[in-house]
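Inside the fold
These are the residues of each chain, in order.
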Amino acid sequence: MKKKVLAFLFTMIMCFGVLDGAFSANSGIVGAHLTKTEASASSFNVGGEVKEYWGSNSGSSKYSVYLIAKYKKAFIWYEDSSELMKPGYKTPQGTAFITRKRDDSTTWFVRLNPKGALNKDCEAWGYMNV
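Overview of the structure.

Scoring rules and cut-offs
- Residues numbered from 1 in each chain as written.
- Predicted model: local features only at pLDDT ≥ 70, side-chain atom pairs only at ≥ 80, totals over all residues.
- Heavy atoms only, no water.
- Helix = DSSP H or I, 4+ residues; strand = E, 2+ residues; numbered from the N terminus.
- Buried < 20%, exposed > 50% of the residue type's maximum accessible area, 1.4 Å probe, protein only.
- Pairing = 2+ DSSP bridges.
- Salt bridge = Lys/Arg side-chain N within 4 Å of Asp/Glu carboxyl O.

**Re unusual backbone geometry**
Even without being a glycine, A74 presents a positive backbone phi close to 55°. Its location among the elements puts A74 in the loop between strand 5 (65-73) and strand 6 (76-85). Judged by relative accessible area, A74 falls into the exposed class, the value being 62%. Located in the positive-phi region is L118, a residue other than glycine, with phi close to 55°. L118 sits in the exposed class, given a relative accessible area of 74%.

Here it is in structure tokens:
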């Protein structure tokens, strides 16, 4: 029984290692997708001192959407900068916004938030380099 458990654990470790390698090949960017039923959306966290971020807001969105870069310092999240994207607005990666450089490597994420309290009915995308 012990050998079967160890074999299973070893197989799972190898499986996750292969999957991690497959995803890390394309892990230069994290993203958030705001759907029309959501009041906000956030990307996964990434580390670094400075980040580039960009996004777009669908032309069918009812409201403008804030594209927000947030960072963590001493267990508290702060807003570094934000851009208001009108419906139909698009910022390509080549003209990305750049956060302020932090003294130390920290944790970052990009957030999408429609303008107005708890507004929905927007579709937008936000991205941040890893």
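Having seen the structure, we can now continue with the description.
**Observations regarding the pairing of strand 8 (residues 106-114)**
Consecutive side chains along a regular strand alternate between the two faces of the sheet. In this structure, strand 2 (residues 41-42) lies alongside strand 8, joined through 2 bridges in antiparallel fashion. Bridging from a neighbouring strand, S42 pairs with R111 of strand 8. Pairing of strand 3 (residues 46-48) with strand 8 involves 3 bridges; the strand directions are antiparallel. Counterpart to G48 in the pairing with strand 8 is T106.

**Section: the pattern of salt bridges**
In a structure, side chains of opposite charge can pair up when their charged atoms sit close to one another. This structure, assessed with the given rule, holds 3 salt bridges. With a shortest N-O distance of 3.4 Å, E49 and K101 are connected by a salt bridge. Here E49, found in the loop between strand 3 and strand 4 (52-57), pairs with K101, found in the loop between strand 7 (97-98) and strand 8; they are 52 residues apart in sequence, far enough to count as distant. Note on K101: relative accessible area 59%, which makes it exposed. The residue D80 makes a salt bridge to R102 at a minimum N-O spacing of 2.3 Å. Taken together, the residues D80 in strand 6 and R102 in the loop between strand 7 and strand 8 connect sequence positions 22 residues apart. You'll find D80 and R102 in the same group, each marked buried. The network of salt bridges with shared partners includes D80, R100 and R102.

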